[in-house]
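Here is what each chain is made of, one letter per residue.
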Amino acid sequence: MATTTHNLPNPRASEGVWSTLFSSHTFEPVLARAKGIHLYDEEGNEYIDASGGPIAVNLGHGDPRIAETVAKQMEQYSYCHPVMSNRSRAELCEKLADRLPPNLNTTYLVCGGSEAVETAIKVARQYHVARGNSQKYKIISNYDSYHGMTLATMSLSGNPGTQRHFEPMLQKWPKVHQYSPTRKPSGMSEPDWALACAAELDEAIHYAGSQSVAAYIATPVGSGSDYGVVAPPEYWMAVREVCDKHDVLFIDDEVVTGFGRTGKWFAIEHHGIEADIMTLGKGISSLYAPMGAVAVSDKVNEPFEQGVAFVHGFTNAGHPIGCAISSRVVDIIEEDGLVRNAAEIGNYLQEQSAKVRSHQTVREIRGVGLLRVAEMVKNKETLGFFARDTNAETKLQAIALKNGLAFYATLYGSRRGPSKNRGLPLFISPPICITREEVDELLRRLDQTLTDWENDLGVIQI
Ligand code: PLP
């Protein structure tokens, strides 16, 4: 448990302004080691990794089985020249095909989530060109979504705050709202609203010109201010139908949600539909190595199988060490029953979170499996988030650290505008090996963190 403050000289001066990457945060403690769900700094303080790094550390930290795998792979070979095949890559792709939904049997390996999304866009484009539809190139995505930080993936991400810096360099592709329960008109049924949300995609494709739209990309458990929202099945069925109607590929971005995080191997399994392309990252290696992948359906892979050259390739793509690690991660998820654990412990966390939910600043806790999101608001009556000059977001993370919790910054929220009546998502997404006792301790520390934070911000308790 953290007991001291951290006044170390900044050991990262040579690293550039690291602390402003992703968002403003206060990662002052210097990490010394990590084990299971815990991080330890150089002063001996212990923290629960409450968001699993950036919603990515699915296995516990410091798993000796991974260290053993790395050593073994390195003894054999650490890199494979592109002119050669290698078992490390072949085994991983085979394992992925076994675990992925049955229509996704081919995987292109890359080095991270943004690369996976870039790759997916290129697969979609080349698929249409190969079929004689070379006018199809637009990729529709959701407002407020996040798909990465390269220029193409920023074009998809629906955050004008980050986009404005690169405006002339980004593609102006259409955006639609993803399903959101808070936008439902009163009196309308859930299923009718789900269909109305999917109809917005239909309309966007129509007005963009369906002959020009290559794909629609979405995250399967909400996006932006609605991260963690599980849409009704009618929504996803209708989205699938709209895509099929217009010959638009559906890209399911599972960079966050894959590999057991939501209590299923992949979150799309909650929705009963198939994706044409699925992007993978984060949990694929549980961040023991930089990895990413793009799984494509048999239909989408057909032109490539028939000889169309995929114009792509990165020096580090399918790196043997990353492949060996990811293969072992997949095995461990299975051996340790982590998918079931995420489902069961996720429900337990939700049940036990009443005290946290009763805080003035917690609008709700939602989600599925161990992808839980606390929507943080100014108060439950007025909603919205605290004004920027209160530094509430940064303070929340700093106070959490003092209470022994490391949280990931709330990168995915609307950041106030234009959804003034929405809060910021705080990710409660620890490693999916977490036990009930550890969840109790996480919630106890979170309750204390919120009490301290509310006192600091002068929140009047009702
Ligand atoms: N897609 C989604 C849904 C993500 O949340 C992220 C990162 O958080 C990415 C893509 C980009 O992944 P990376 O940061 O590994 O490039």
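Because the structure is predicted, anything quoted here is derived from the model rather than measured. (Residues numbered from 1 in each chain as written. Predicted model: local features only at pLDDT ≥ 70, side-chain atom pairs only at ≥ 80, totals over all residues. Heavy atoms only, no water.)

This part is about the pairing of strand β11 (residues 362-368). In the sheet, β11 pairs with strand β12 (residues 371-376) via six bridges, with the strands oriented antiparallel. For Gly367, the partnering residue across the bridge sits in β12 and is Arg372. Following β11, the chain reverses through two residues before pairing antiparallel with β12; Gly369 in that reversal takes a positive phi of roughly 60°. (Pairing = 2+ DSSP bridges. Helix = DSSP H or I, 4+ residues; strand = E, 2+ residues; numbered from the N terminus.)

Interface extent is often summarised as the accessible area lost during association of the parts. Under the domain assignment, the chain is made up of domain 1 (16-63 + 337-457) and domain 2 (77-335). The centre of domain 1, based on its C-alpha atoms, is set 26 Å off from the matching centre of domain 2. If you look at the interface, domain 1 gives 37 residues, while domain 2 gives 33 residues. Roughly 2800 Å² of surface becomes buried between domain 1 and domain 2 when both sides are summed, with 59% attributable to carbon and sulfur atoms. A salt bridge links Arg422 to Asp226, with the nearest nitrogen and oxygen atoms 3.1 Å apart. On inspection of domain 1 and its partner domain 2, the count reaches 22 residue pairs in polar contact (both at pLDDT 80 or more). Sorting the residues of the side of domain 1 that touches domain 2 by element identifies α1 (52-55), α11 (338-352), β11, β12 and β14 (424-428) as the ones contributing at least two each. In terms of residue class, the side of domain 1 that touches domain 2 is made up of 21 nonpolar, eleven polar and five charged. (Domains from an automatic or database assignment. Contact = heavy atoms within 4.5 Å. Buried area = accessible area lost by both parts, 1.4 Å probe. Salt bridge = Lys/Arg side-chain N within 4 Å of Asp/Glu carboxyl O. Polar contact = N/O pair within 3.5 Å; in protein donor to acceptor, adjacent residues only side chain to side chain. Nonpolar A, V, L, I, M, F, W, Y, C, P; charged D, E, K, R; others polar.)

Pairing within the open sheet is mixed, and its seven strands lie in the order β4-β10-β9-β8-β7-β5-β6. Of all the strands in the sheet, just β4 (104-110) and β6 (175-176) have a single pairing partner and so form its edges. Where strand β5 (residues 138-142) lies against strand β7 (residues 213-218), three bridges are found, and the strand directions are parallel. In the sheet register, Ile140 faces β7, and the bridge partner there is Tyr216. Running at roughly 160° to strand β9 (residues 277-280), helix α4 (residues 113-130) makes contact with β4, β5, β7, β8 (249-253), β9 and β10 (292-297) of the sheet. (Axes fitted to C-alpha atoms, helices over the stretch in contact; angles between N-to-C directions.)

The sheet built from three strands is open, its strands ordered β11-β12-β14 with antiparallel pairing. Looking at strand neighbours, the two that pair on one side only are β11 and β14, the edges of this open sheet. Taken over all neighbouring pairs, the strand axes of this sheet differ in orientation by 25° on average, direction set aside. Contacts between helix α14 (residues 436-457) and the sheet are confined to β11, β12 and β14, with β14 contributing the most and set at about 150° to the helix.

A separate point is helix α10 (residues 320-335). Taking 1.5 Å of rise per residue, the 16 residues of α10 would be expected to cover 22 Å, and the 22 Å separating its terminal C-alpha atoms lies within 8% of that figure. Within α10, 13 of the 16 residues are buried, which leaves it mostly tucked inside the rest of the structure. Once α10 ends, the next one or two residues include Gly337, with phi positive near 60°. (Expected span 1.5 Å × (residues − 1). Buried < 20%, exposed > 50% of the residue type's maximum accessible area, 1.4 Å probe, protein only.)

This paragraph deals with the packing of α4 against helix α9 (residues 298-305). Taken N-terminus to C-terminus, the directions of α4 and α9 make an angle of 65°; their axes are 9 Å apart at the nearest point. Put simply, α4 runs roughly perpendicular to α9. For the pair α4 and α9, the sense of crossing is left-handed. Seen from α4, the contacting residues are Val123, Gln126, Tyr127 and Ala130; seen from α9, they are Lys299, Val300, Pro303 and Phe304. Here the contact of α4 with α9 is built from residues that sort into six nonpolar, one polar and one charged. (Parallel < 35°, antiparallel > 145°, perpendicular 65-115°, else oblique. Left-handed = near helix turned anticlockwise from the far one by under 90°.)

This part covers the nonpolar core. The nonpolar side chains of soluble globular proteins are, as a tendency, buried together. Ranked by size, the top nonpolar core spans 88 residues in total, and within it Leu201, Tyr216, Tyr235, Phe250, Phe259, Met376 and Trp453 carry the most contacts. For this core, the element with the highest residue contribution is helix α7 (residues 190-208), accounting for eight residues. In this structure, Ile121, Tyr127, Leu249 and Phe304 belong to the second largest nonpolar core, which totals 22 residues. (Core = buried A, V, L, I, M, F, W, Y, C linked by side-chain atoms within 4.5 Å.)

Taken together, the four bridges between strand β1 (residues 31-35) and strand β2 (residues 38-41) define a ladder with antiparallel strand orientation. Looking across to β2, one finds that Leu31 is bridged to Asp41. A loop of two residues connects β1 with β2, the two strands running antiparallel in sequence, and Gly36 in this loop sits at a positive phi of about 60°.

On the surface, Leu151, Phe166 and Met169 cluster together to form a nonpolar patch covering roughly 270 Å² of accessible area. Secondary-structure assignment places Leu151 in helix α5 (residues 151-156). Of the residues examined, Leu151 reaches a relative accessible area of 37% and is grouped as partly exposed. (Patch = residues over 30% accessible without salt bridge, like charges linked within 9 Å, V, L, I, M, F, W, Y side chains within 5 Å. Areas by Shrake-Rupley, 256 points an atom, 1.4 Å probe, with all protein chains shown as cover.)

Next up on the list: the side chain of Arg445. Secondary-structure assignment places Arg445 in helix α14. A relative accessible area of 4% places Arg445 in the buried class. A distance of 2.8 Å separates a polar atom in the side chain of Arg445 from a polar atom in the side chain of Glu441.

Attention now moves to the packing of aromatic side chains. If you walk through the whole model with that rule in mind, you get 13 aromatic pairs. Seen in terms of ring centroids, Phe259 and Phe266 are 5.3 Å apart; in terms of plane orientation they differ by 75°. Their pairing is edge-to-face. Residues Phe259 and Phe266 agree in their burial class; the two are buried. Centroid distance Phe304 to Phe310: 5.5 Å. Interplanar angle 65°. Geometry classified as edge-to-face. Of the two residues, Phe304 and Phe310, neither departs from the other in class, the shared state being buried. Taken together, the ring pairs in this structure connect Tyr179, Tyr216, Tyr235, Trp236 and Phe250 into an aromatic cluster. (Phe/Tyr/Trp six-rings, centres within 6.5 Å; stacked < 30°, edge-to-face > 60°.)

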